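Residues per chain are reported as follows:
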Amino acid sequence: MERIKLAEELSFSRIIHGLWRLNEWNYSSQETLSLINHALDAGITTFDHADIYGSYTCEELFGQALALNPSLREKMELVTKCGIVLESPNRPQHRSHHYNTSKEHIIKSAEQSLKNLQTDYIDVLLIHRPDPLMDPEQVAEAFAALKKDGKVRYFGVSNFKEHQYQLLKSYLDVPLVTNQLELSAYELENFDDGTLNLCMKERIAPMAWSPLAGGKIFTSDEEKAVRLRTALQKVGKEIGAGSIDQVMYTWLLHHPAKIMPIVGSGKTNRMDSAVQSLKLSMNVDQWFEILQSSMGHDIP
Amino acid sequence: MERIKLAEELSFSRIIHGLWRLNEWNYSSQETLSLINHALDAGITTFDHADIYGSYTCEELFGQALALNPSLREKMELVTKCGIVLESPNRPQHRSHHYNTSKEHIIKSAEQSLKNLQTDYIDVLLIHRPDPLMDPEQVAEAFAALKKDGKVRYFGVSNFKEHQYQLLKSYLDVPLVTNQLELSAYELENFDDGTLNLCMKERIAPMAWSPLAGGKIFTSDEEKAVRLRTALQKVGKEIGAGSIDQVMYTWLLHHPAKIMPIVGSGKTNRMDSAVQSLKLSMNVDQWFEILQSSMGHDIP
Amino acid sequence: MERIKLAEELSFSRIIHGLWRLNEWNYSSQETLSLINHALDAGITTFDHADIYGSYTCEELFGQALALNPSLREKMELVTKCGIVLESPNRPQHRSHHYNTSKEHIIKSAEQSLKNLQTDYIDVLLIHRPDPLMDPEQVAEAFAALKKDGKVRYFGVSNFKEHQYQLLKSYLDVPLVTNQLELSAYELENFDDGTLNLCMKERIAPMAWSPLAGGKIFTSDEEKAVRLRTALQKVGKEIGAGSIDQVMYTWLLHHPAKIMPIVGSGKTNRMDSAVQSLKLSMNVDQWFEILQSSMGHDIP
């Protein structure tokens with residue numbers, strides 16, 4: 001599979017597997033291991049986590065599977081996130097939903113992720129959301145300490161707009177290697193407001209969360225979803241796609257920003273479908289037809 | 001006429017003539033030549049085109065007039081644009097309205113413009129609209145090739161917001177010498193959202209399209225247009241303007257950004273009226289009175 | 001009191017006293033002097049003015065008090081502003097409300113402020129509002145002249161968004177040392193739109209005007225104000241605050257941007273209350289509880 005270079009010694013598979021619902025799939029560790037092996041065999045080597053996924057359970061479930069075959073660790077890139085605090089039965093000490101990007105919280109969170117994932121290092125640690133109370137000096141100190149200790153190789157952000165990105169960057173000694181964004185033909189905000197352009201200007205490849213708009217394209221009766229579905233079906237026939245999710249992936253992959261879609265399914269056929277989309281292509285008429293079906297009006 | 005320096009060896013006349021409706025004027029080549037001569041005599045040496053104007057016909061009509069007296073070429077600056085694809089009987093191969101800023105499209109479009117305009121070089125080639133699918137590397141390669149071949153002297157953009165401008169700039173080996181924007185006392189978006197400030201920060205003078213708001217100031221019954229017209233008439237009397245279009249031009253010319261209004265009329269008296277406005281002046285009370293009539297409320 | 005360093009030889013007290021309503025307090029010069037002395041004794045050494053406050057009267061009232069004990073001048077920092085023109089019986093020559101950031105206006109305004117304040121120098125002169133007609137070259141020339149003549153030590157802006165700030169900065173030979181912004185738990189615009197982040201990125205500490213939202217938190221029946229007041233009361237009890245204004249100040253002081261609240265009261269007990277808030281602290285749960293009460297919804 002095509003790989004995207006993020007730093008001198010780091011590359012991601014173009015398609016990334018997302019584990020945010022791992023706890024809902026009710027897989028045994030052996031079944032999760034099979035899913036991981038299926039991904040790796042398909043060329044998907046990058047796995048996206050966050051401390052909070054599954055109310056703080058998904059990293060651990062993944063780690064238990066990985067422990068069944070620790071030699072897989074060096075064949076994959078592990079991404080995880082920190083900075084959101086959730087109320088959870090698994091974190092009784094948490095009293096409210098808030099953000100925390102203090103040095104202490106970031107380091108503790110990363111160390112807990114290492115333990116949960118049963119690994120010695122995280123490939124990329126992301127700040128999960130822009131924190132209105134972020135002290136960039138604290139983030140810089142946390143990143144420096146984690147890098148020095150070999151606990152985290154690289155750092156990035158998620159859902160950061162340009163002003164948040166540039167503020168943090170101005171305090172860091174380490175580069176930011178990615179910005180994980182909500183990006184799909186359905187949700188165009190980051191295309192419109194300059195956030196995707198920021199990534200291209202900074203020469204960083206974005207990870208795309210919710211590349212299928214959370215399934216809205218399949219079932220929603222909402223006018224926008226219906227318009228988009230109709231266009232996806234039409235273009236899908238023209239380009240030989242097996243399903244409209246492939247058209248959604250192809251639309252993202254066709255963009256020059258080197259967008260890396262995160263596929264969050266526990267079903268191997270959905271994973272394979274995403275991988276198949278790498279072989280499809282789309283012309284500029286078709287790309288704009290899908291864009292305009294989502295916008296609901298012609299371009300100027 | 002006052003001239004604005006855009007680069008070491010490039011200056012524009014402060015008032016620019018726009019040809020986007022040339023096909024509607026039903027002029028013979030000789031009549032178009034007369035219009036060009038009238039403009040040049042008035043000091044208007046800069047002519048603004050786009051490949052798509054008149055559904056891909058205006059450049060050619062201008063070129064046919066210029067061919068009647070090719071020696072005029074060196075007395076003028078020709079600006080044209082590329083990057084929009086329109087469905088048109090003149091381009092039967094086009095299947096949809098979209099943007100195309102690929103290397104291949106930009107070069108082909110510029111070469112077609114050279115042919116249509118019957119000239120060996122374009123002074124400034126603009127990307128007509130920000131393209132959500134723009135690959136800045138392709139634009140950079142196209143610009144470099146066109147410059148190397150002597151086909152285009154300078155490059156710029158049109159309707160670019162800051163994030164689009166900075167993205168493209170970060171990939172280019174050549175400078176961007178202008179950003180053509182919709183700017184008028186009626187349409188204030190680029191004043192408000194930082195786009196005009198971008199031009200000043202980048203030390204580039206903007207060209208203003210629709211400086212009369214498409215004629216709304218003359219005839220529209222819309223509340224905003226009526227408010228603005230009333231203020232224009234009042235200030236016009238105070239400053240000795242012959243007509244409210246002169247007040248609109250004077251308002252733009254008074255701004256320190258060195259705005260260059262594009263006059264898109266085929267009537268010599270309208271052209272002359274715009275040129276006359278260069279002799280008018282306005283004080284800061286009057287400038288704000290017009291601004292606030294357009295805004296519909298007081299400044300903070 | 002904690003002091004914030006703004007430049008090599010300039011620091012402000014963390015709490016600043018604002019004089020914009022000095023004319024409404026109906027104090028004799030002796031009473032105003034007592035107020036100044038009370039502030040200085042409490043560690044509030046920075047006083048915030050503008051030419052236009054009290055319809056051009058407040059600076060003069062302050063200056064008359066200062067003249068009673070000129071030795072106080074070297075114990076304080078005086079901030080004032082220019083660039084707004086108001087119609088006023090005290091300025092009969094003014095014909096309309098507008099902005100004026102011409103070189104001539106800035107210099108004349110600063111010189112008048114010196115006279116009114118009965119001082120030889122202004123510590124920091126701010127451009128009061130972003131001026132859509134601002135010629136940054138003129139501002140740069142005015143600042144350079146005022147600095148050279150020793151009339152103004154440092155310069156800043158007020159209410160500037162990033163594009164306005166970066167435009168002006170790009171023309172200046174002197175640094176901008178602060179951006180005075182409306183900042184409070186009630187009015188979150190500058191938190192949301194990147195303006196506060198700009199200050200942190202530029203390493204400048206912002207001054208906060210209307211830190212109590214103009215008193216809305218005390219009395220307004222508006223839904224947002226009621227929600228916020230309820231949260232302030234709850235957190236206030238938890239942190240041992242004497243009143244909800246202290247909770248508002250503590251919320252601002254807890255932010256890492258080194259926000260300096262301007263207290264605009266003529267009552268010594270309100271001033272003291274603000275100073276007391278420097279001893280309070282707030283945890284991250286409480287900070288977000290107040291934020292979310294103002295937003296009216298949970299964070300993502």
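Structure shown above.
What you see is a predicted model; the values in this text were computed from it and never measured.

Q: Any details on the overall build of chain A? Residues and values, ideally.
A: Each helix and strand counted, chain A has 13 helices and 12 strands in total. Relative to a compact globule of 300 residues, whose C-alpha radius of gyration would be 19 Å, chain A shows 19 Å and is just as compact. Expressed as lengths along the three principal axes of its C-alpha atoms, the size of chain A is roughly 50 × 45 × 40 Å. Across the 300 residues that make up chain A, the buried fraction comes to 60%. Within chain A, contacts between residues separated by at least 24 positions form 74% of all contacts whose residues are at least 6 apart in sequence. Of the roughly 11,800 Å² of accessible surface on chain A, a fraction of 47% belongs to carbon and sulfur atoms. Of the side chains in chain A, 31 bear a positive and 39 a negative charge, and the two mean positions are spaced by 2 Å.

Q: I'd like a rundown of the relation of the copies chain B and chain A, residues and numbers included.
A: Of the two same-sequence chains, chain B is brought onto chain A (RMSD 0.0 Å, axial shift 0.1 Å) by a rotation of 120 degrees. Within this description, the copies of the chain are treated as partners about a three-fold rotation axis.

Q: Kindly report on the pairing of strand β12 (residues 260-263) of chain A, identifying the contributing residues and their values.
A: Residues and elements named next belong to chain A. With burial as the criterion, each face of β12 is covered, one bearing Met260 and Ile262 and the other bearing Pro261 and Val263. In this structure, strand β11 (residues 207-209) lies alongside β12, joined through two bridges in parallel fashion. Bridging across to β12, Met207 finds its partner in Met260.

Q: Go over the interface of chain B and chain A, please, and point to the residues and values.
A: In this assembly, 19 residues from chain B lie in contact with 20 residues from chain A. Regarding the contact of chain B and chain A, the summed buried area is about 1,800 Å², with carbon and sulfur atoms giving 59% of it. Its largest share of buried area at the contact with chain A, chain B owes to His97, Leu133 and His163 of chain B, together 34% of the area lost on that side. In this structure, Arg95 of chain B engages Asp285 of chain A in a salt bridge whose closest nitrogen and oxygen atoms are separated by 2.9 Å. Counting across the interface, chain B meets chain A through 11 residue pairs in polar contact (both at pLDDT 80 or more). Listing elements by their share of the side of chain B that touches chain A, those giving two or more residues are β7 (98-99) and α6 (162-169) of chain B.

Q: Which residues make up the packing of helix α1 (residues 29-41) of chain A against helix α3 (residues 58-66) of chain A, and what values do they have?
A: Residues and elements named next belong to chain A. With their axes 8 Å apart at the nearest point, α1 and α3 run at an angle of 85 degrees to one another. With respect to α3, the element α1 is oriented roughly perpendicular. Here α1 contributes Ser29, Thr32, Leu33 and Ile36 to the contact with α3, which in turn contributes Phe62, Gln64 and Ala65. In terms of residue class, the contact of α1 with α3 is made up of four nonpolar, three polar and no charged.

Q: Any details on unusual backbone geometry? Residues and values, ideally.
A: Residue Tyr56 of chain A is not a glycine yet carries a positive backbone phi of 70 degrees. Along the chain, Tyr56 of chain A turns up in helix α2 (residues 53-56). Of note, the phi angle at Ser210 of chain B is positive, near 55 degrees, even though the residue is not glycine. Look at Ser210 of chain B and you get partly exposed, because its relative accessible area is 24%.

Q: Which residues make up the interface of chain A and chain C, and what values go with them?
A: In this assembly, 19 residues from chain A lie in contact with 20 residues from chain C. Taking both partners together, chain A and chain C bury about 1,800 Å²; carbon and sulfur atoms supply 59% of that area. Among the residues chain A hides against chain C, the three largest losses belong to His97, Leu133 and His163 of chain A. Together they make up 34% of the total. Here chain A and chain C share one salt bridge between them. Counting across the interface, chain A meets chain C through 11 residue pairs in polar contact (both at pLDDT 80 or more). Residue assignment for the side of chain A that touches chain C shows that the elements contributing at least two residues are β7 (98-99) and α6 (162-169) of chain A. At four residues, the largest contribution of residues to the side of chain A that touches chain C is made by α6 of chain A. In the side of chain A that touches chain C, the residues fall into seven nonpolar, eight polar and four charged.

Conventions adopted
Residues numbered from 1 in each chain as written. Chains lettered and ligands numbered in written order. Predicted model: local features only at pLDDT ≥ 70, side-chain atom pairs only at ≥ 80, totals over all residues. Heavy atoms only, no water. Helix = DSSP H or I, 4+ residues; strand = E, 2+ residues; numbered from the N terminus. Rg over C-alpha atoms; globule rule 2.2 N^0.38 Å. Buried < 20%, exposed > 50% of the residue type's maximum accessible area, 1.4 Å probe, protein only. Contact = heavy atoms within 4.5 Å. Areas by Shrake-Rupley, 256 points an atom, 1.4 Å probe, with all protein chains shown as cover. Lys, Arg positive; Asp, Glu negative; His and termini not counted. Charge placed at Lys NZ, Arg CZ, Asp CG, Glu CD. Least-squares fit on C-alpha atoms with pLDDT ≥ 70 in both. Pairing = 2+ DSSP bridges. Buried area = accessible area lost by both parts, 1.4 Å probe. Salt bridge = Lys/Arg side-chain N within 4 Å of Asp/Glu carboxyl O. Polar contact = N/O pair within 3.5 Å; in protein donor to acceptor, adjacent residues only side chain to side chain. Axes fitted to C-alpha atoms, helices over the stretch in contact; angles between N-to-C directions. Parallel < 35°, antiparallel > 145°, perpendicular 65-115°, else oblique. Nonpolar A, V, L, I, M, F, W, Y, C, P; charged D, E, K, R; others polar.

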